[in-house]
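Remarks on the overall topology
Below are the chains, spelled out letter by letter.
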Amino acid sequence: MDLKRIVLDLMPDVLVRTFAAPYCAGKGISSGVTKADEIHTKGGLFTTLDLLGEEVFKREDVEATVQVYFRMIEAVKDRPFVSISLKPTQLGINESEAYCQDNLRRIVAAAATHGIHITLDMEDRHFTDVTLRMFKAIRNEFDNFGIVLQSRLFRTAEDIKALHLKPCKVRICIGIYKEPADVALQDKRDMKEKLFEYVQLLLDHGHYPEIATHDEPLIRRCIDHLDKHGVAKDAYEFQMLMGVPRTEVQQEIVKRGQVMRLYVPFAEDWKYAVHYMKRRLGANPAMAPMVIKNLFGR
Ligand SMILES: Cc1cc2nc3c(=O)[nH]c(=O)nc-3n(C[C@H](O)[C@H](O)[C@H](O)COP(=O)(O)OP(=O)(O)OC[C@H]3O[C@@H](n4cnc5c(N)ncnc54)[C@H](O)[C@@H]3O)c2cc1C
C-alpha cells in the first residue's frame, strides 16, 4: 500500500467531513432538494443531484440505491431546474453488465415519465467501454439520458464520433481519475486544450455539450469561440461542482440567459460522503490543495 493511501485511511472521518461539507448538501434526499431550491432561488442556477456512494456490491444494497433514485425522481418531479446524475458502480456493474443496465433502465424510464434528465457519470478507464455500451442501449429507448466523456483519454474523439445518431447531452470534463500515459494525457493544459476542441466536435456531431470545468479562462475562451461562430446559447451549458467558489462567472453565464448547473451530491449516510471524499482524494491527490485553498479562500 502506498503512503498516500495509508495517510488517507488514517485521516479521521471528522476531518474528511469538514473537507466534504462545502461540497455535499448533507444527509438524505431532502437536503439535496433543499439545496437545489436554495441555489435556484438565490442565483437562478440549475442543479444535478447525485447520491454519494460508489462500489455497491450486495444486491440488496444495489436495490436500496435504485429505490433512493426512485424517491429522488418523485422529490424533484416538479422542479425543471433539477436533473439527476448516477454511477454504474452504484447500480450493480460489479455483478454484471446486464444487471446494471436493467437497473439503469428502470431509473431512466421512471425519470422519463416526469421529463427528468439523467446523466450517467463516467468512472475510471476500466468502466469506459461498458458505460458507453449501456448508455447507447438505453439511449435508443429514452431521450432523457446523457453521458460524460473525459478529455484526458486518447479515445474520446473516437467515442464522440461513435456516440449516437440522435443528439445527446454530453458532459465534457477533463476527468477526475488519474490514468496511465498509455491511455491518457498527463498534462492538464493538454487535457483542457482537448476539452475546448471536444466542445466543438460535440456540436459538429449535433450533440449538446455540458462544459464541466471551473477554469475561468477556459470558460471565457469557450464563450468567445461559440459566440464568434454564432452557436445558439441554448445549444450548450456550463457545469461546476457545488462548493467551488465561482460566483462571478456563474452569474455572468446566468445573465447571458444560459444554463449554469451545479453538481450537488448528498449522502444517505455520512459514511458514504467520507468514503467518496477519501476515494476522490486517493484517485487524485492534487484535489487536496484545491479543497484547502477553497475552504480558506471563501
Ligand atoms: C459538474 C461536474 C461533473 C463531473 N463529473 C465527472 C465525471 O462523471 N467523471 C469524471 O471523471 N470527472 C467528473 N468531473 C470532474 C472533472 O473531470 C474535473 O476533475 C474537475 O472538474 C476539475 O477540473 P477543472 O476543469 O475544473 O480544472 P482544474 O484545473 O482541475 O480546476 C480549476 C480550479 O477549480 C477548482 N477545483 C476544481 N475541482 C475541484 C474540486 N474537486 N474541489 C475543489 N476545488 C476544485 C480549483 O480551484 C482549481 O484550481 C465533473 C466535474 C464537474 C464540474
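Computed from a predicted model, the values in this text were never measured in an experiment.

1. Points about the overall build of the chain
Each helix and strand counted, the chain has twelve helices and eight strands in total. For the chain, the residues scored as buried account for 39% of the 298 residues in total. Put simply, of all contacts in the chain between residues at least 6 apart along the chain, 74% involve residues at least 24 apart.

2. Notes on the sheet that holds strand β1 (residues 46-51)
Here we have eight strands rolled up into a closed barrel, ordered β1-β2-β3-β4-β5-β6-β7-β8, and parallel in their pairing. Adjacent strand axes in the sheet meet at a mean angle of 30 degrees when their direction is disregarded. Sheet topology places strand β5 (residues 169-173) next to strand β6 (residues 208-212); four bridges connect them, and they run parallel. By the bridge assignment for β6, Ile-172 is matched with Ile-211. Where helix α3 (residues 29-43) meets the sheet, it contacts β1, β2 (82-86) and β8 (260-266), and its direction lies at approximately 160 degrees from that of β8.

3. So, the pairing of β5
Consecutive side chains of a regular strand alternate in pointing toward one face of the sheet and then the other. Counting buried residues in β5 gives five out of five residues, a clear majority hidden from the surface. Across the two faces of β5 the burial is the same, with Lys-169, Arg-171 and Cys-173 and Val-170 and Ile-172 all buried. Strand direction decides the pairing type here: strand β4 (residues 145-150) and β5, joined by four bridges, are parallel. Note that in β5 the partner of Gln-150 across the bridge is Cys-173. Regarding topology, helix α7 (residues 156-161) serves as the crossover connection from β4 to the parallel β5, and that connection is right-handed. In this view, the connection linking β5 to its parallel neighbour β6 by way of helix α8 (residues 188-204) has right-handed handedness.

4. Things to note about the site of the ligand
Lining the immediate surroundings of the ligand are 25 residues, of which Asp-121, Cys-173, Thr-213, His-214 and Tyr-263 lie closest. Among the secondary structure elements, those contributing two or more residues to the shell around the ligand are β4, β5, β7 (237-241) and α12 (287-297). Counting residues per element, the shell around the ligand draws most heavily on α12, at five residues. A per-class count over the shell around the ligand returns 14 nonpolar, six polar and five charged.

5. Some words on the environment of Val-148
As for its placement among the helices and strands, Val-148 is situated in strand β4. Sequence separation of Val-148 and Lys-169 is 21 residues, and the distance between their C-alpha atoms is 8.6 Å. What Val-148 contacts, discounting residues up to four positions off in sequence, is Thr-119, Leu-120, Asp-121, Met-122, Arg-171 and Cys-173.

6. Focus on the environment of Asp-190
Residue position: Asp-190 is located in helix α8. On the neighbour-count criterion, Asp-190 (14 C-beta atoms within 10 Å) is partly exposed. Sequence-wise, Asp-190 and Ser-151 are 39 residues apart; in three dimensions their C-alpha atoms are separated by 8.9 Å.

7. So, the pairing of β6
Of all five residues in β6, four are buried; the element is thus mostly enclosed. Bridge count for β6 against β7 is three bridges, and the pairing is parallel. Each bridged residue has a counterpart across the sheet, and for Ala-212 the counterpart in β7 is Gln-239. With respect to chirality, the unit in which β6 leads through helix α9 (residues 216-228) into the neighbouring parallel β7 is right-handed.

8. Things to note about the packing of helix α5 (residues 97-112) against helix α6 (residues 128-139)
Viewed as axis vectors pointing N to C, α5 and α6 meet at an angle of 45 degrees, and their least axial separation amounts to 10 Å. One way to sum up the angle between α5 and α6 is to call them oblique. Here α5 and α6 pass one another in a crossing that is right-handed. Contacts from Glu-97, Cys-100, Gln-101, Leu-104, Arg-105 and Val-108 in α5 reach Val-130, Met-134, Ala-137 and Ile-138 in α6. Taken together, the residues of the contact of α5 with α6 break down into seven nonpolar, one polar and two charged.

9. What to know about α8
The end-to-end C-alpha distance of α8 is 24 Å, a good match for the 24 Å that 17 residues give at a rise of 1.5 Å each. For α8, every residue scored as buried is listed here: Lys-194, Leu-195, Tyr-198, Val-199 and Leu-202. Its buried side turned inward, α8 meets α7, β5, β6 and α9. A positive backbone phi angle near 85 degrees is found at Gly-206, which sits one or two residues after α8.

Thresholds, definitions, all that
Residues numbered from 1 in each chain as written. Predicted model: local features only at pLDDT ≥ 70, side-chain atom pairs only at ≥ 80, totals over all residues. Helix = DSSP H or I, 4+ residues; strand = E, 2+ residues; numbered from the N terminus. Buried ≥ 20, exposed ≤ 12 C-beta atoms within 10 Å, placed from the backbone. Contact = placed C-beta atoms within 7 Å. Pairing = 2+ DSSP bridges. Axes fitted to C-alpha atoms, helices over the stretch in contact; angles between N-to-C directions. Right-handed = clockwise from strand over helix to strand, strands pointing away. Near = placed C-beta within 6 Å. Nonpolar A, V, L, I, M, F, W, Y, C, P; charged D, E, K, R; others polar. Parallel < 35°, antiparallel > 145°, perpendicular 65-115°, else oblique. Left-handed = near helix turned anticlockwise from the far one by under 90°. Expected span 1.5 Å × (residues − 1).

Geometry only, nothing functional implied.
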